[in-house]
Amino acid sequence: QFDGVLTMTHHATNLDLPGEANITTAAGDVATFQSTGSNTVQCINYTKADGSGIAGGGGINDNVLINGEMRIDSTLGNHTATNAFPNDDDSYPVDRWLLLSDGDDIVDLNVTSVDGGTSGEDNYMRLDVETTAKKFGIAQIIENDNCRHMLGGSQVVSLSFEATVSDAAKLSDVRAAVLSWNSTADTVTSDFVNTWDAEGAGFTPATNWTLENTPVNLSVTTSWVKYTIENISIDTASTKNIAVFIWSDNVATNDTAGSLLKITKVKLELGSAATTFISRSLATERNMCLRHRWSLGAFSYFPGRGNNADESFVAAFAPVRMFATPTAVTDNLGIVGYSDSVTAQSATSDSITGIAMGADGNSISFATGTFSALADNKVAVSCIASGEFWFVAEL
């Protein structure tokens, strides 16, 4: 707690201040600092004596993006064309991150757990070029409930992230944008790229999507750097959802497969200035992801009842309230069904159908099949004998 006036001078490492700007203190102001190394300090919170935040410090600085630090990937795999969550255009390979690309199998994606970010110690998303001369990027669309404080026509937001490329000649034009959706809340066109334009010209958004900033070449280099796009007005009338998009705008020069774009610490916050990225607890981040994707693996059992001889109606309970009624994604799934005293029957198609969500958002009912000799309307239990399946509910 400060007793009077002094000036703290921002420095990217020695004294990293909110908003990356100098702070003039006053009696009664309170700050919290953390040391990240020898003579390396971050101010992770600054509150004036009257309870307000610092001027230009971004206002409500909570990150509305989920998994911005790229620590969660519930599939634990390399997202290629053959993965259960493949690298298709308009798909969600990694939890909460939407891949938009000029075709399928343009880049492989995976989450790497070492040597990332400006600290050299962070997780990051790695996008590995597979098909040359095509644009690609990652996006996140934010639920209406999570961005309401940014809406209303007079709010400004700031976007920040850390990035690097393996070849600055081939991936020489990386851009970032904030977009607004002005139709029905949470019923969005997830593929918001209507057309990929010529190299250096960005893209044309789909109907009801609006670019809120003018994207420019950020000149990303082969070293990790933090990039900021600040004071973006969310002034599109009737905005209901906001999206963030980071992409490679190269076409002609993107002619080498194997070039890498790496991204981490993506943050979208209310306010005119980007502030320091503050990590959530891993448990909190994981639970936020579970609202949109969670999995069931081998030896999971579900109570239910037989439906004729070939299907079993069963139920499972999501670890958190899901965003919407999910769909099923399976990987080498093998199901065994038990009904009354009938010998266990293996399903011939291992299908998951008829998914429905209870009013509480946690209870999920579905049907497993196809069996051959279950007893109709008798107590039945289904068991995953092998493989895995996920309940997925994305925007």
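None of the values given here were measured: they were computed from a predicted structure.

The rules behind these values
- Residues numbered from 1 in each chain as written.
- Predicted model: local features only at pLDDT ≥ 70, side-chain atom pairs only at ≥ 80, totals over all residues.
- Heavy atoms only, no water.
- Helix = DSSP H or I, 4+ residues; strand = E, 2+ residues; numbered from the N terminus.
- Contact = heavy atoms within 4.5 Å.
- Phe/Tyr/Trp six-rings, centres within 6.5 Å; stacked < 30°, edge-to-face > 60°.
- Buried < 20%, exposed > 50% of the residue type's maximum accessible area, 1.4 Å probe, protein only.
- Lys NZ or Arg CZ within 6 Å of the ring centre and 35° of its normal.
- Pairing = 2+ DSSP bridges.

Chemist: Would you mind showing me how to read the overall build of the chain here?
Modeler: Each helix and strand in the chain was counted, giving two helices and 26 strands. Its C-alpha atoms give the chain principal-axis dimensions of about 80 × 55 × 45 Å. Looking at the chain alone, contacts between residues at least 24 apart form 74% of all its contacts between residues at least 6 apart.

Chemist: Looking at this structure, how should I read the packing of aromatic side chains?
Modeler: Note on aromatic pairs: each is described by the distance of the centres and the angle between the planes. Within this structure, the stated rule accounts for 19 aromatic pairs. Their ring planes at 35° and their centres at 6.1 Å tell us that F2 and Y46 sit as a pair that is tilted. With F2 in the segment before β1 (7-8) and Y46 in strand β5 (residues 40-47), the pair connects residues that are 44 residues apart, well separated along the chain. In this pair, the class of F2 matches that of Y46, namely buried. Grouping aromatic residues by their ring pairs yields a cluster made of W181, F192, W196, F203, W209, F245 and W247. The ring centre of F85 lies 4.0 Å from the NZ or CZ of R293, which sits over that ring.

Chemist: When you look at the sheet that holds strand β4 (residues 30-37) in this model, what are you seeing that I'm missing?
Modeler: Strand-to-strand pairing in sheets goes through backbone hydrogen bonds, with the strands running parallel or antiparallel. Overall, mixed pairing links the three strands, which are arranged β2-β5-β4 in an open sheet. Across the chains shown, the open sheet's two edge strands, defined by having one partner strand only, are β2 (15-16) and β4. With two bridges connecting them, β2 and β5 associate as parallel partners. Within the sheet, the bridge partner assigned to L15 lies in β5 and is V41.

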